[in-house]
Amino acid sequence: MTQDELKQAVAREAVLHIVEGAVIGVGSGTTANFFIDELAKVKARIAGAVASSEASAKRLAGHGIQVFDLNDVSDLPVYVDGADEITEQLAMIKGGGGALTREKIVAAAAGKFVCIADASKLVASLGRFPLPVEVIPMARGYVARQLEQLGGQPRERAGFVTDNGNLIIDVSGLSIPDPAGLEERINNVVGVVTNGLFARRPADVLLLGTAQGVRALSRSRA
């Protein structure tokens, strides 16, 4: 199966996790786009969606799905999104598309986070994919120096501005044995909006597309 076929398979499986009559949280990126297209086929079953990026909001609206502002929604039972990297413990790196802050906000508000990914995204430990960090523009240089002290090689994403009007610094070369600890440490750097580690609020379910079919992994809540 091609990578796109694997993404489509997990997107179809994710539709089984929607809640009838509810507003659904929807992520960003190529895998999330497949989910949006599948969601459009059952749009009569949901009240609408909250999007984690302007691009996803546009795609949802194009399918005739009502898009809600998160501030107008009191209950968001499910959020579906992809990942750039994910471990079997369901910690992730996200933000390759630059929507990490809004993705993190919608994930935090959701009762259940369903991650959809093809098998290439599953890793033993995070860090191969450069870690995106959203930064207030005036803090760019200071934040980069702090990231260097953590052992990373920061590089500003050229010509890119987030939906929030900020910059992205991509950090390569990081060793991440403790994703939750590093997530908190980077977020405590003044000038950082947030970073692309989703470990303090990991996924609850991973739907992983493999050549043998869709594999489901769940996070223990013990």
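Residues numbered from 1 in each chain as written. Predicted model: local features only at pLDDT ≥ 70, side-chain atom pairs only at ≥ 80, totals over all residues. Heavy atoms only, no water.

Topic: the overall build of the chain
Working step 1: If you tally the helices and strands in the chain, you get six helices and 13 strands.
Working step 2: In terms of C-alpha radius of gyration, the chain reaches 17 Å, essentially the compact-globule figure of 17 Å for 222 residues.
Working step 3: In terms of overall dimensions, the chain has C-alpha extents of about 50 × 40 × 35 Å along its principal axes.
Working step 4: Considering the chain as a whole, with its 222 residues, one finds that 52% of them fall into the buried category.
Working step 5: Contacts in the chain between residues at least 24 apart in sequence constitute 72% of all its contacts with a sequence separation of at least 6.
Working step 6: Counting every atom, the chain has about 10,100 Å² of accessible surface; 49% of that belongs to carbon and sulfur.
Working step 7: Side-chain charges in the chain split into 23 positive and 25 negative, and the spacing between the mean points of these groups amounts to 1 Å. (Helix = DSSP H or I, 4+ residues; strand = E, 2+ residues; numbered from the N terminus. Rg over C-alpha atoms; globule rule 2.2 N^0.38 Å. Buried < 20%, exposed > 50% of the residue type's maximum accessible area, 1.4 Å probe, protein only. Contact = heavy atoms within 4.5 Å. Areas by Shrake-Rupley, 256 points an atom, 1.4 Å probe, with all protein chains shown as cover. Lys, Arg positive; Asp, Glu negative; His and termini not counted. Charge placed at Lys NZ, Arg CZ, Asp CG, Glu CD.)

Concerning the layout of surface pockets
Working step 1: Looking at the largest pocket, its volume works out to about 410 Å³.
Working step 2: The wall of the largest pocket is formed by 28 residues, among which Ser28, Gly29, Thr30, Gly97 and Glu103 lie closest to the centre.
Working step 3: If you list the elements that add at least two residues to the lining of the largest pocket, you get helix H2 (30-40) and helix H3 (54-62).
Working step 4: Split into classes, the residues belonging to the lining of the largest pocket amount to six nonpolar, 13 polar and nine charged.
Working step 5: Estimated volume of the second largest pocket: approximately 250 Å³.
Working step 6: Forming the boundary of the second largest pocket are 13 residues, of which Val50, Ala51, Asp69, Leu70 and Arg102 lie nearest the centre.
Working step 7: Of all the elements in the fold, those that place two or more residues in the lining of the second largest pocket are strand S2 (48-51), H3 and helix H4 (100-109).
Working step 8: Take the lining of the second largest pocket: its biggest share by element is three residues, from H4.
Working step 9: Along the lines of polarity and charge, the residues of the lining of the second largest pocket split into eight nonpolar, two polar and three charged. (1 Å grid on protein atoms, 1.4 Å probe; cavity = no way out; pocket = protein on both sides within 12 Å on 5 of 7 lines; lining within 4 Å. Points joined across faces, edges and corners; volume = space filled by probe spheres on them. Nonpolar A, V, L, I, M, F, W, Y, C, P; charged D, E, K, R; others polar.)

A look at the pairing of strand S1 (residues 23-26)
Working step 1: Of the two faces of S1, the one holding Val23 and Gly25 and the one holding Ile24 and Val26 are both buried throughout.
Working step 2: Relative to strand S3 (residues 78-81), S1 runs parallel, the two sharing two bridges. Considered in S3, the bridge of valine 26 is made with valine 80. (Pairing = 2+ DSSP bridges.)

Comments concerning the sheet that holds strand S5 (residues 92-93)
Strands pair in a sheet through their backbones, by hydrogen bonds, and they do so in one of two ways: parallel or antiparallel.
Working step 1: Reading across the sheet, the three strands line up as S4-S5-S11 and stay open at both edges, with antiparallel pairing between neighbours. Among the strands making up the open sheet, the edge pair consists of strand S4 (85-86) and strand S11 (197-198).
Working step 2: Inspection of the sheet shows S5 paired to S11 by two bridges, in the antiparallel sense. Paired with methionine 92 across the bridge in S11 is phenylalanine 198.

Some details on the pattern of salt bridges
Working step 1: In total, this model carries 15 salt bridges according to the counting rule given.
Working step 2: Put simply, arginine 59 and aspartate 37 hold a salt bridge, and the shortest N to O gap is 3.0 Å. Residue arginine 59 is located in helix H3, and its partner aspartate 37 is located in helix H2; the two are separated by 22 residues in the primary sequence.
Working step 3: Judged by its relative accessible area of 33%, arginine 59 is partly exposed.
Working step 4: A relative accessible area of 26% means that aspartate 37 is categorised as partly exposed.
Working step 5: In this structure, the salt-bridge partner of glutamate 38 is lysine 41, at a minimum N-O distance of 3.1 Å.
Working step 6: Classification of glutamate 38 as buried rests on a relative accessible area of 8%.
Working step 7: Residue class for lysine 41 comes out exposed when judged on its relative accessible area of 62%. (Salt bridge = Lys/Arg side-chain N within 4 Å of Asp/Glu carboxyl O.)

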